[in-house]
Amino acid sequence: MAIQIKTKEEIAGMRKACRLAAELLNYIEPFVVPGVSTEELDRLCATWTEEHGAISAPLGYKQEGTFPFPKSICTSINDVVCHGIPSAEILCEGDIVNLDVTVKLHGFHGDTSRTFLVGKVSEEASLLVSRTKTAMERGIAAVKPGAYIGDIGKAIEAYVEKFGYGIVTDFGGHGIGRVFHEEPFIPHYDTGIRGAMLKPGMIFTVEPMITLGTDDVVIEDDGWTARTIDGSLTAQFEHTVLVTEKGVEILTKTS
Ligand code: MF3
Ligand code: CO
Ligand code: CO
């Protein structure tokens, strides 16, 4: 299957869904403080999404070989790389936590995540978080018509390399639209493969997961929670982006 080129109408629908997803992260940010449970953050996001006429896409999401995802958002704390399941676990001063939200509005998906600092965190942790955000931005900056999918991971690796960080290879960005996860797969590291050429109208996510140690991850028995094998700290940021005639438009933005 070729990578979809979205129509004008689909792009308009995606702009709305993606903006709503970004607004949801803005809404939840002040609640991410020491003492809150990830279940509470999940509940607040689920309610807000419903009040805005949208659906939480993760809830009940099915992926081959595992159970349907049981909650409305992903909450990934410290050594959890991604797909953390909200629970009674309480956030503590010094934690870092990624909140990954995907809303479905009028049939279109908007997918975005940020890693938040819980109270005051170590310098090592805060540097990991800010550099992971920059890594995502470097990847997005490589997106333009005529460039290749492989350029995204190359740009991320070129930036991250000097810090000695790990780049997770088991998960990548993905095409998105009426379908949550579709072609293409976007590696966040230099695979040495050029991949498909980027064309105006393609929509996909860029969502690097960066670690202080290994890039090896293990999935827990719940079928979802992905942790670093060495227990090292990990951060992630995600935007949904559109390839335009001139370059790239970040869709999961509020301004
Ligand atoms: N939002 C995640 C992504 O960026 C996917 C989560 S799937 C879920 O692709 F089922 F865990 F929610
Ligand atoms: Co995604
Ligand atoms: Co996501």
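Please read all numbers here as calculations on a predicted model, not as lab measurements.

Asks: Explain helix H1 (residues 8-28) here, please?
Replies: Given 3.6 residues to a turn, an α-helix orients residues that are three or four positions apart in the same direction. Given a rise of 1.5 Å per residue, 21 residues ought to cover 30 Å, and the 31 Å separating the end C-alpha atoms of H1 matches this to within 8%. Within the span of H1, buried status applies to Glu 10, Ile 11, Gly 13, Met 14, Ala 17, Cys 18, Leu 20, Ala 21, Ala 22, Leu 24, Leu 25 and Ile 28. Along its buried surface, H1 packs onto helix H2 (38-51), strand S4 (96-105), strand S5 (108-117), strand S9 (203-206) and strand S14 (239-243).

Asks: How should I be thinking about the pattern of salt bridges in this particular structure?
Replies: A side chain of one charge can pair with a side chain of the opposite charge if their charged atoms are brought near each other. Scanning the model with the defined rule gives 7 salt bridges in all. Glu 137 is the partner of Lys 133 in a salt bridge, and the nearest nitrogen-oxygen pair spans 3.2 Å. One end of the pair, Lys 133, and the other, Glu 137, are both in helix H3 (residues 123-141), 4 residues apart, so they sit about a helical turn from each other. Lys 133 gets classed as partly exposed once you look at its relative accessible area, which sits at 38%. One network of salt bridges, in which partners are shared, links Asp 79, Glu 220 and Arg 227.

Asks: What's the story with the coordination of the cobalt ion (ligand 2) in this structure? I'm lost.
Replies: Geometrically, a metal with four donors at the corners of a regular tetrahedron has ideal angles of 109.5 degrees, and one with six donors at the corners of a regular octahedron has ideal angles of 90 or 180 degrees. Protein-derived ligands of the cobalt ion (ligand 2) are Asp 111 (OD), His 174 (NE2), Glu 207 (OE) and Glu 238 (OE), with the metal-ligand distances lying across 2.0 to 2.3 Å. Bound by 6 donor atoms, the cobalt ion (ligand 2) shows angles of 51 to 161° at the metal and therefore irregular coordination geometry. Within one chain, the residues donating to the cobalt ion (ligand 2) are spaced in sequence as D-x62-H-x32-E-x30-E. Taken as an interatomic distance, the gap from the cobalt ion (ligand 2) to the cobalt ion (ligand 3) is 3.3 Å; Asp 111 donates to each of them. Of this pair, Asp 111 sits in strand S5 while Glu 238 is found in the loop between strand S13 (234-236) and S14, placing the two residues 127 residues apart along the sequence. Classification of Asp 111 as buried rests on a relative accessible area of 2%.

Asks: Hey, could you run me through the coordination of the cobalt ion (ligand 3) in this one?
Replies: Those donors, Asp 100 (OD), Asp 100 (OD), Asp 111 (OD) and Glu 238 (OE), are the protein atoms that reach the cobalt ion (ligand 3), and they lie 2.1 to 2.4 Å from it. Relative to the metal, the 6 donor atoms surrounding the cobalt ion (ligand 3) lie at angles of 58 to 167°, and the coordination shape comes out irregular.

Asks: Got a minute to help me understand the environment of Ala 235 in this structure?
Replies: Tracing the sequence through the fold places Ala 235 in strand S13. Assessed through its relative accessible area of 1%, Ala 235 is described here as buried. Linking Ala 235 and Pro 86, residues 149 residues apart in sequence, is a C-alpha distance of 17 Å. Contacts of Ala 235, omitting those with residues within four sequence positions, involve Ile 96, Thr 115, Leu 128, Val 129, Thr 132, Pro 208, Met 209 and Ile 210.

Parameters and conventions
Residues numbered from 1 in each chain as written. Chains lettered and ligands numbered in written order. Predicted model: local features only at pLDDT ≥ 70, side-chain atom pairs only at ≥ 80, totals over all residues. Heavy atoms only, no water. Helix = DSSP H or I, 4+ residues; strand = E, 2+ residues; numbered from the N terminus. Expected span 1.5 Å × (residues − 1). Buried < 20%, exposed > 50% of the residue type's maximum accessible area, 1.4 Å probe, protein only. Contact = heavy atoms within 4.5 Å. Salt bridge = Lys/Arg side-chain N within 4 Å of Asp/Glu carboxyl O. Donors = N, O, S within 2.8 Å, 3.2 Å for Na, K, Ca; no water. Tetrahedral: all angles 85-135°; square planar, octahedral: opposite > 155°, others 65-115°.

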